[in-house]
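Chain by chain, the residues run as shown.
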Amino acid sequence: QVLSDVFNAPVYTIDTANSACLGSAYRAIHGLVAETNVSLADVVKLAPQPRLAVTPTPGAEELYRPLLKRYAELEQKVIYNPTSSC
């Protein structure tokens, strides 16, 4: 629920163990066939169907939007000036 609220997006899951590894494997396959103009959608068309797990809590966006903006500002500060303190 937290991810859905923070990013104001629905969260989907798939019924598989270690789905992060599965996603990385699909990305790797896509990279291998990139020169053949195969889309990522084509690579993952045989993946398990996702299931809607949660949707954003109404009003959560107003809480998290300024925090995400601040996080992005701090991230840019670290990227472009890694020796400065935040």
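Conventions we followed
Residues numbered from 1 in each chain as written. Predicted model: local features only at pLDDT ≥ 70, side-chain atom pairs only at ≥ 80, totals over all residues. Heavy atoms only, no water. Helix = DSSP H or I, 4+ residues; strand = E, 2+ residues; numbered from the N terminus. Rg over C-alpha atoms; globule rule 2.2 N^0.38 Å. Contact = heavy atoms within 4.5 Å. Areas by Shrake-Rupley, 256 points an atom, 1.4 Å probe, with all protein chains shown as cover. Lys, Arg positive; Asp, Glu negative; His and termini not counted. Charge placed at Lys NZ, Arg CZ, Asp CG, Glu CD. Polar contact = N/O pair within 3.5 Å; in protein donor to acceptor, adjacent residues only side chain to side chain. Patch = residues over 30% accessible without salt bridge, like charges linked within 9 Å, V, L, I, M, F, W, Y side chains within 5 Å. Salt bridge = Lys/Arg side-chain N within 4 Å of Asp/Glu carboxyl O. Buried < 20%, exposed > 50% of the residue type's maximum accessible area, 1.4 Å probe, protein only.

Per an unreviewed UniProt entry, the recorded name for the protein is XYLB kinase, and the organism is Chionis minor.

(A) Representation of the overall build of the protein. The secondary structure content of the protein amounts to four helices and two strands. Ordered by position in the sequence, the α and β elements of the protein form the string α-β-α-α-β-α. Relative to the globule expectation of 12 Å for 86 residues, the C-alpha radius of gyration of the protein, 18 Å, shows a markedly less compact shape. Taken along its principal axes, the extent of the C-alpha atoms in the protein is 45 × 35 × 25 Å. Residue pairs at least 24 apart in sequence account for 62% of intrachain contacts in the protein once pairs closer than 6 positions are excluded. For the protein, the exposed area adds up to about 6900 Å²; of that, 61% sits on carbon and sulfur atoms. Charge-centre separation for the protein: the mean point of 7 positive side chains lies 4 Å from the mean point of 8 negative side chains.

(B) Highlighting the environment of Ser4. With respect to the secondary-structure elements, Ser4 resides in helix α1 (residues 2-7). Once the C-alpha coordinates of Ser4 and Pro50 are considered, the two residues, 46 residues apart in sequence, prove to be 15 Å apart. Not counting chain neighbours up to four residues away, the residues in contact with Ser4 comprise Ala9, Pro10, Val11, Val54, Thr55 and Pro56. Among the polar contacts made by the side chain of Ser4, one reaches the main-chain carbonyl oxygen of Ala9 at a distance of 2.7 Å.

(C) Structural view of a nonpolar patch on the surface. Together, Leu3, Phe7 and Leu68 line one region of the surface with nonpolar side chains, adding up to about 300 Å² of accessible area. Position of Phe7 relative to the elements: it lies in helix α1.

(D) Quick peek at unusual backbone geometry. A positive phi is found at Asn8, a non-glycine position, where the angle reads about 50°. Locating Asn8 in the fold gives a position in the loop between α1 and β1 (11-13). Note on Asn8: relative accessible area 39%, which makes it partly exposed. Despite not being glycine, Asn37 shows a phi value in the positive range, around 60°. Counting through the fold element by element, Asn37 comes out in the loop between α2 (19-32) and α3 (40-43).

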